[in-house]
Structure formats: C-alpha cells, structure tokens
Amino acid sequence: MLVNNAGCASVAPLLDADIEEMEDMIALNISALTRLTYVAAPAFVKRGAGTIINIGSAAGISVEALNGVYGASKAYVLAFSLSLQHELTSKGIRVQVVLPGRTATDGWDVAGFPWQKMPPEIVMPVEDMVDAALVGLDQGELVTIPGLHNGDEWTRFEAIRRGMLPQFGTSVPARRYRKQARVSA
C-alpha cells in the first residue's frame, strides 16, 4: 500500500505569495507524489495487487477557496488519481483519492493560518478524516470526500463530467464559438 499524504498549503494570495515557496509546494504536492507512485505502481502491477491512496483536498475542486497554486496542485492529485484508476484498476490495483476539507493539522500553521483560528464547525478532527477515508476505501469508493454529507452530489458531478468527454473530440467548434458569417451548419 502506498499512502501519498505529504503535502503543504498556502493561504497567501498570488500577489503576496513567494514564488520559491510555491515551487516548493509544487515539488511536494505534485512531483513527490508522482515519483512515489511511479516507484510503487510497477511493483504492485507485477504482484497483481496493491492500493494507492492519494490525499488531495476539496480545494482541488474548489480552487477559489485558498491559494491558487495549492488548489491547482490538489486538482492535479485528483486528475492524476482518476487517470491511475482508469489505467490500473484492471491490473488489480485499487486507487483512491481522498478530498478532505479543512482538517485539524499543523499544516495550517505552516500555511500561515492555524486551524484553531477557524470556526470549529468547519474543521474536521484528523482521526475522523482518516476513519472516513478508510471506510470509503472499504466501500470501494474511488473518490472519498469526508465532509460531503450527500455522496450522490459527487456521483452526479462525476456523471456530468464523464458525459461531456465524448464532446471534446470533434473537428468542428461548438456553434457558439463560430463567427456568424462562417456558420454553415
């Protein structure tokens, strides 16, 4: 089992964020996660069994919530995990991505906004987040969002996303993007 849990965040707006810190965040949140996966996945495939759990963030689908680099890095974790699921599930590998909301970790101190300063009703205890993630894994969830009380909302969101995929591969721009004089269809 590989649990990619390392990560860091920032609450600084783009114009206030230090680029070196943002590059360090990308290195940890994206590059390290990717490299560890590339080490573990071939060994799991060779065995025909294994589990990869990637800890992302709800900020990966709510990118406006925090620092843009952080949200983008967690969107990568989600996209990478969905791709891994598509590629590795048939080879006996389980892949889960967990998208927690605000969790009571010291990562918030590093990000510049301690969780203790947040309203307690929006911060999940670590133990509860981990328990929810493991229950989600046991239930076979591909995407686990511990704070999302109506899981059907994710199911609908994902169905809409997947339903759009066939429309992306077309040789003709959508009608709304064609100049009026050139519309011949």
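Sequence order as written defines the numbering, with residues in each chain counted from 1. A pLDDT threshold of at least 70 governs which residues receive local features in this predicted model, and a stricter bar of 80 or more applies before side-chain atom pairs are shown or counted, although totals over entire chains, interfaces and linings include all residues. For the side-chain quantities, the full set of heavy atoms in the structure was used; hydrogens and water were omitted.

Peer 1: Provide a residue-level description of the pattern of salt bridges, including the pertinent values.
Peer 2: Salt bridge, as used here: a side-chain nitrogen of Lys or Arg that lies within 4 Å of a carboxyl oxygen of Asp or Glu. Evaluated as defined, the whole model comprises two salt bridges. When the shortest N-O distance is used, the salt bridge between E158 and R161 registers 2.6 Å. In this pair, E158 and R161 are both assigned in helix α5 (residues 151-164), three residues apart and thus about one turn of the helix distant. Measuring nitrogen to oxygen at the nearest pair gives 3.0 Å for the salt bridge that ties E158 to R162. Linking E158 with R162, this pair stays in helix α5, spanning four residues, or about one helical turn. By definition, any uninterrupted DSSP run of H or I lasting at least four residues is a helix, any uninterrupted run of E lasting at least two residues is a strand, and each is numbered from the N terminus.

Peer 1: I'd like a rundown of the pairing of strand β3 (residues 93-98), residues and numbers included.
Peer 2: Only protein chains enter the accessibility calculation, which uses a 1.4 Å probe; a residue is then buried when its area is under 20% of its type maximum, exposed when over 50%, and partly exposed in between. Extensive coverage of β3 is indicated by the burial of five of its six residues. Strand pairing follows a simple DSSP-based rule, namely that at least 2 bridges must link the two strands. Judged from the six bridges that link them, strand β2 (residues 50-55) and β3 form a sheet pairing that is parallel. Bridge assignment links G50 to a residue of β3, and that residue is I93. Handedness of the crossover joining β2 and β3 through helix α2 (residues 68-88) is recorded here as right-handed. The sheet contact formed by β3 and strand β4 (residues 143-144) spans two bridges and is parallel. Opposite V98, over in β4, you have T144 as the bridge partner. Looking down the strands as they point away from you, a crossover is right-handed if its path from the first strand over the helix to the second goes clockwise.

Peer 1: Mind laying out α5, listing which residues take part and the relevant values?
Peer 2: An α-helical segment advances 3.6 residues per turn. Residues three or four places apart therefore align on the same side. Helix span, expected: 1.5 Å multiplied by one less than the number of residues in the helix. Between its first and last C-alpha, α5 extends 21 Å over 14 residues, near the 20 Å set by a 1.5 Å rise per residue. Two N or O atoms count as a polar contact when they lie within 3.5 Å, although within protein this holds only if one can serve as hydrogen donor and the other as acceptor, and sequence-adjacent residues are included solely when both atoms are side-chain atoms. One side-chain oxygen at the N-terminal end of α5 lies 3.1 Å from the backbone nitrogen of D152; it belongs to N150.

Peer 1: Go over the environment of Q139 with me, naming the residues and quoting the values.
Peer 2: Among the structural elements, Q139 can be located in the loop between α4 (126-138) and β4. Linking Q139 and E127, residues twelve residues apart in sequence, is a C-alpha distance of 18 Å.

Peer 1: Can you tell me about the sheet that holds β3, naming the residues and giving the values?
Peer 2: Strand order in this open sheet of four strands is β1-β2-β3-β4, and the pairing throughout is parallel. In this open sheet, the two edge strands, each paired with only one partner strand, are β1 (2-4) and β4. For this analysis, residues touch if any pair of their heavy atoms sits within 4.5 Å. The convention used is that axes are lines fitted to C-alpha atoms, helices contributing only their stretch in contact, and that angles between N-to-C directions extend from 0 to 180 degrees. Along the sheet, α4 makes contact with β2, β3 and β4, crossing β3 at roughly 145°.

Peer 1: Describe the packing of aromatic side chains, with residues and values.
Peer 2: Aromatic contacts are taken between Phe, Tyr and Trp rings whose centres are within 6.5 Å, Trp giving its six-membered ring; a plane angle under 30 degrees counts as stacked, one over 60 as edge-to-face, and the others as tilted. Summed over the entire model, instances satisfying the criterion amount to two aromatic pairs. Seen from their ring centres, Y76 and F80 are 5.5 Å apart, and the 15° between their planes marks the pair as stacked. Within this pair, Y76 and its partner F80 are both found in helix α2, separated by four residues, close to a single helical turn. For F80, a relative accessible area of 12% gives the class buried.

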